[in-house]
Amino acid sequence: MSTPLWRIAMTAPARAADALSAALEPYVVALTALEESPGGNWSIEGLSEDEPARPAIVAALALAAATVGTPPPDTVIEPLPDVDWLTLNRQSFPPIREGRVWVRSSHVTEAKPAGSIELIVDAARAFGSGSHATTALCLRALQDLVRRRRPRRVLDLGCGSGILAMATAKLVPSSRVVAVDLDPPSVTTAAENARLNGTATRIRTAVSRGWRATLVRRTAPFDLVLANILAGPLCAMAPDLANGLAPGGRAILSGLMYDQETRVLAAHRVQGLRLLSRYRRDGWSALVFAKN
């Protein structure tokens, strides 16, 4: 029998989505925040493996809502049916190809396409199966970038399952990647995936809230930073990114919607970072910056 999961869900106005997502994050093992319509409300949903601490969650969400001037959200906290979600996810996860990168789960036995780089990633307690548009955008931007540059020191900030870190290690064998996430199960999963995919010797992992981990500070400055997170944290960490990039370094940032581009652009231009290119798909964006 699988471990029962609990669902925590709410709808929020766009201006409160980042704050509420950040407030909910410590209480869940997986979190999604999706825009219901352009410029409209956002659906925020988290999954917990234990019965949630209702009073603490409600209080945290109310405080987060107050900071952006919105009422506390109506929050649904309910148990999900006792289903083996990981097995169902694996069975329904078809291979994904983005440029040269081919991502499949371990149950897929078909041969990889000729000339492709294969990554084996199963559903687990970590973000990132490769199927989300933002991951695909980052993979596309990464491949375009490494055709012209060969970054040596790379940071995957908010690594989830480790797809971007592993893709970098395989696309640029001379690179050394630091992969960090604030979620310990994600870091464990990323390390396991790196071993499974033969990239463990080139990827070091650590739990880190943003740029705080000792491993991150000691390895900086980076030639390339990959951050597929949310618009709010991207803006908050713009000064850290500017300090942590090497001169001439590049950053690929995603996890933002079309209408959040202006906000993210402004936060990074203030830090002296220059926009090189942008990628868009299904309402989502990836921005590529350079440090002059």
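Definitions and limits used
- Residues numbered from 1 in each chain as written.
- Predicted model: local features only at pLDDT ≥ 70, side-chain atom pairs only at ≥ 80, totals over all residues.
- Heavy atoms only, no water.
- Helix = DSSP H or I, 4+ residues; strand = E, 2+ residues; numbered from the N terminus.
- Rg over C-alpha atoms; globule rule 2.2 N^0.38 Å.
- Buried < 20%, exposed > 50% of the residue type's maximum accessible area, 1.4 Å probe, protein only.
- Contact = heavy atoms within 4.5 Å.
- Areas by Shrake-Rupley, 256 points an atom, 1.4 Å probe, with all protein chains shown as cover.
- Lys, Arg positive; Asp, Glu negative; His and termini not counted.
- Charge placed at Lys NZ, Arg CZ, Asp CG, Glu CD.
- Expected span 1.5 Å × (residues − 1).
- Disulfide = S-S within 2.5 Å.
- Pairing = 2+ DSSP bridges.
- Axes fitted to C-alpha atoms, helices over the stretch in contact; angles between N-to-C directions.
- Phe/Tyr/Trp six-rings, centres within 6.5 Å; stacked < 30°, edge-to-face > 60°.

Observations regarding the overall build of the protein chain
Argument step 1. Across its full length, the protein chain holds 10 helices and 14 strands.
Argument step 2. For 292 residues, the compact-globule estimate of 2.2 N^0.38 gives 19 Å, and the C-alpha radius of gyration of the protein chain, at 19 Å, lies within 12% of that figure.
Argument step 3. Principal-axis analysis of the C-alpha atoms places the extent of the protein chain at approximately 50 × 50 × 35 Å.
Argument step 4. Within the protein chain, the fraction of its 292 residues that count as buried is 52%.
Argument step 5. At a minimum sequence separation of 6, the contacts of the protein chain that also span at least 24 residues come to 67%.
Argument step 6. Just so you have it, the protein chain exposes about 13200 Å², and 53% of that area is on carbon and sulfur atoms.
Argument step 7. Of the charged side chains in the protein chain, 33 are positive and 26 negative; the average position of the first set lies 14 Å away from that of the second.

What about helix α6 (residues 184-196)?
Argument step 1. Taking 1.5 Å per residue as the helical rise, α6 with its 13 residues ought to reach 18 Å, and the 19 Å between its terminal C-alpha atoms agrees with that figure.
Argument step 2. Listing the buried residues of α6 in full gives Pro-185, Ser-186, Val-187, Thr-189, Ala-190, Ala-191, Asn-193 and Ala-194.
Argument step 3. Along its buried surface, α6 packs onto β7 (117-120), α5 (163-171), β9 (176-181) and β10 (203-207).
Argument step 4. Note on α6: the residue one or two positions beyond its end, Gly-198, has a positive phi of about 70°.

So, the state of the cysteines
Argument step 1. Evaluated as defined, the whole model comprises zero disulfides.
Argument step 2. Free of any disulfide, Cys-138 has its nearest cysteine sulfur in Cys-159, 13 Å distant.
Argument step 3. With a relative accessible area of 0%, Cys-138 lands in the buried category.

Section: the sheet that holds β10
Argument step 1. Taken in spatial order, the seven strands of this open sheet run β10-β9-β8-β11-β12-β14-β13, and their pairing is mixed. Where the open sheet ends on each side, the last strands, each with one partner, are β10 and β13 (273-281). When the angles between neighbouring strand axes are averaged without regard to direction, this sheet yields 15°.
Argument step 2. Examined bridge by bridge, strand β8 (residues 153-157) and strand β11 (residues 222-228) share four bridges and lie parallel to one another. Following the sheet pairing, Leu-157 is matched in β11 by Ala-227.
Argument step 3. With respect to the sheet, α6 is in contact with β9 and β10, its orientation differing from that of β10 by roughly 165°.

Some words on the packing of aromatic side chains
Argument step 1. For the structure on display, the rule yields one aromatic pair.
Argument step 2. With centroids separated by 6.1 Å and ring planes inclined at 65°, the aromatic side chains of Trp-211 and Phe-222 adopt a geometry described as edge-to-face. Linking Trp-211 in the loop between β10 and α7 (214-219) with Phe-222 in strand β11, this pair joins segments that are 11 residues apart in sequence.
Argument step 3. On the basis of relative accessible area, Trp-211 is assigned to the buried category, the value being 11%.
Argument step 4. Given the relative accessible area of 0%, Phe-222 is considered buried.

Bear in mind that shape data such as this cannot, by itself, settle questions of function.
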